[in-house]
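Structural overview for review
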Amino acid sequence: MQIELYINHQQVLLTVQPDDFLVDTLRKQGLFSVRRGCDTACCGLCTVWLDGRPTLACSTLSFRAQGRHITTIEGLRHEAEGFARFMAAEGADQCGYCSPGFILTVLAMKRELANPGEADIIHYLTGNLCRCTGYQGQLRAVKKYLGVAECNM
Amino acid sequence: MFTLLNIAQPDTQQEAYRLLTAKKSNVILGGCAWLRLGSQTIHTGVDLSKLGLNFIKEYDTYFEIGAMTSLRDIETSVALNRWFSGILAKSVQSIIGVQFRNVATVGASVFARYGFSDFLTALLALDTEIELYQGGRLTLAAFVDMPRNKDLLVKVIIHKTSRTAAYLALRNSQSDFPVLTVAVSRLDGAWKIAVGARPTRAKLAAQAAVLLAGAGRDVPPDCLRQAAELAAEELPFGANMRASAAYRRLLCQTLVQRGLTEVTACR
């Protein structure tokens, strides 16, 4: 079947099978930032935005993207680089395999939550796993990036 | 590996039901979050996206939640969470992550009657009805006990009562499936105690609720303990990879007692 959608603001026409998942469809388009991590819908590495909402590409059938807007990190290059500098400064980038999904979730959170405290940040990012280390470095990077004041925690 | 041969996107509920029942291996596609974990072959997946079932509507005396509404929408609905001590948001907020809850749908969570469903447990402790295309309107409690059959869940209806409620669950780690879920509510003297992830479908502890009904407004702590013990006795528990039946029974007693205590503290 054919679907017409927008990937990073560009209109594209794709041929997909009924049981294709978005993660595979997007990777076939060369969007290798979309990762397959856990294969059980729990790691968040395959996160993309579907109409602006962070969504698991491994659990979304591609046909459902018909007429909708997909955003990957390739479409948010400048903003993603801005946050990546905070990650690197905290030594939180490590192997980087989870970074695209993580960064997309952080950028979505920035748009969705007003003045989040530490608990709000942790709650929003719980669906993103990193197997390299713990999450303290990432949390420091997010808080500095969002400019979360100490009194807000 | 799961295989899906065809997609249908009907414009009416009638057509959706016809397609669903046209072939044994035809199914309704909900959020599809668990599909890839199974190995079924589906002849036609019936997608409900064109039926306008993505809504949370507030009326004077009830809420209506469409089958295609996401669990994230439940979590963030200000109107819905002004009610029932906000237990609906509490019940879904530990389900994996925001991305997953943006995918998972109300209809699939309720219709599939997953044993591990946090949301189903919370709904069961409220005054909840569901509307099926073929089966019509019935209480959620009746639906939960029914055998599986092919039907189309259209919406969930929650009556606005002044129930105070509490939701508790234990997980081995944050965002994992729950080991046990408990939802407790009180409307005047009428209590509801729902326990899920036993590990089978959520169920109401009816005898424990009756015990509490006779205890009046200020339930003595002893009576709360007795009711929690009774709930753990009257419900069946099973074992799976997350916990044994004996552990679940102990946990049930503790979580129900905490839930009851929380609700009695609500003024």
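All values derive from a computational prediction rather than experimental measurement.

Parameters and conventions
Residues numbered from 1 in each chain as written. Chains lettered and ligands numbered in written order. Predicted model: local features only at pLDDT ≥ 70, side-chain atom pairs only at ≥ 80, totals over all residues. Heavy atoms only, no water. Domains from an automatic or database assignment. Contact = heavy atoms within 4.5 Å. Buried area = accessible area lost by both parts, 1.4 Å probe. Salt bridge = Lys/Arg side-chain N within 4 Å of Asp/Glu carboxyl O. Nonpolar A, V, L, I, M, F, W, Y, C, P; charged D, E, K, R; others polar. Helix = DSSP H or I, 4+ residues; strand = E, 2+ residues; numbered from the N terminus. Buried < 20%, exposed > 50% of the residue type's maximum accessible area, 1.4 Å probe, protein only. Phe/Tyr/Trp six-rings, centres within 6.5 Å; stacked < 30°, edge-to-face > 60°. Lys NZ or Arg CZ within 6 Å of the ring centre and 35° of its normal. Polar contact = N/O pair within 3.5 Å; in protein donor to acceptor, adjacent residues only side chain to side chain.

1. Considering the domain arrangement of chain A
Residue and element names in this part refer to chain A. Entries for chain A in the domain assignment read domain 1 (2-75) and domain 2 (77-146). Using C-alpha coordinates to define each centre, domain 1 is positioned 21 Å away from domain 2. Between domain 1 and domain 2, the residue contacts involve 17 residues of the former and 17 residues of the latter. The junction of domain 1 with domain 2 conceals about 1,300 Å² of combined surface from both sides, 65% of it contributed by carbon and sulfur atoms. Scanning the region where domain 1 abuts domain 2 turns up 0 salt bridges. When grouped by side-chain class, the residues that make up the side of domain 1 that touches domain 2 number 7 nonpolar, 7 polar and 3 charged.

2. Considering the environment of B:Thr161
Residues and elements named next belong to chain B. As for its placement among the helices and strands, Thr161 is situated in the loop between strand 8 (153-159) and strand 9 (164-171). Residue Thr161 is classed as buried on the basis of its relative accessible area of 17%. When the C-alpha positions of Thr161 and Gln226 are compared, they lie 26 Å apart, and in sequence the two are 65 residues distant. Every residue in contact with Thr161, bar those within four places of it in the chain, is listed here: Trp83, Phe84, Asp127 and Leu187.

3. Examining the packing of aromatic side chains
One pair of aromatic rings is described through two measures. These are the centre distance and the angle between the planes. What the rule picks out here adds up to 14 aromatic pairs over all chains. A ring pair is formed by A:Phe21 and B:Phe2, whose centres lie 5.8 Å apart and whose planes are at 50°; its orientation type is tilted. Residue A:Phe21 is located in the loop between strand 2 (10-15) and helix 1 (22-28), and its partner B:Phe2 is located in the segment before strand 1 (3-8); the two belong to separate chains. Seen from their ring centres, B:Trp34 and B:Phe100 are 5.1 Å apart, and the 45° between their planes marks the pair as tilted. Placement of B:Trp34 in the loop between strand 2 (27-29) and strand 3 (41-47) and of B:Phe100 in helix 4 (residues 98-101) is noted, with a sequence separation of 66 residues between them. Through successive ring pairs, a cluster of aromatic residues spans B:Trp34, B:Phe100, B:Tyr114, B:Phe116 and B:Phe177. Lying over the aromatic face of B:Phe111, B:Arg113 brings its terminal NZ or CZ to 5.8 Å of the ring centre.

4. As for the interface of chain A and chain B
Each partner contributes to the interface: chain A provides 28 residues, whereas chain B provides 34 residues. Taken over both partners, the interface formed by chain A and chain B buries close to 2,300 Å², and the fraction arising from carbon and sulfur atoms is 55%. Looking only at chain A, the three residues that lose the most surface to chain B are A:Arg53, A:Arg64 and A:His123, adding up to 24% of its buried area. For the interface between chain A and chain B, the tally reads 3 salt bridges. Between A:Glu112 and B:Arg72 there is a salt bridge; the shortest N-O distance is 2.6 Å. Counting across the interface, chain A meets chain B through 14 residue pairs in polar contact (both at pLDDT 80 or more). Mapped onto the side of chain A that touches chain B, the elements with two or more residues apiece are strand 4 (53-56), helix 3 (99-112) and helix 4 (118-125) of chain A. Looking at the side of chain A that touches chain B element by element, the count peaks at 4 residues for strand 4 of chain A. Residue composition of the side of chain A that touches chain B, grouped by class: 11 nonpolar, 11 polar and 6 charged.

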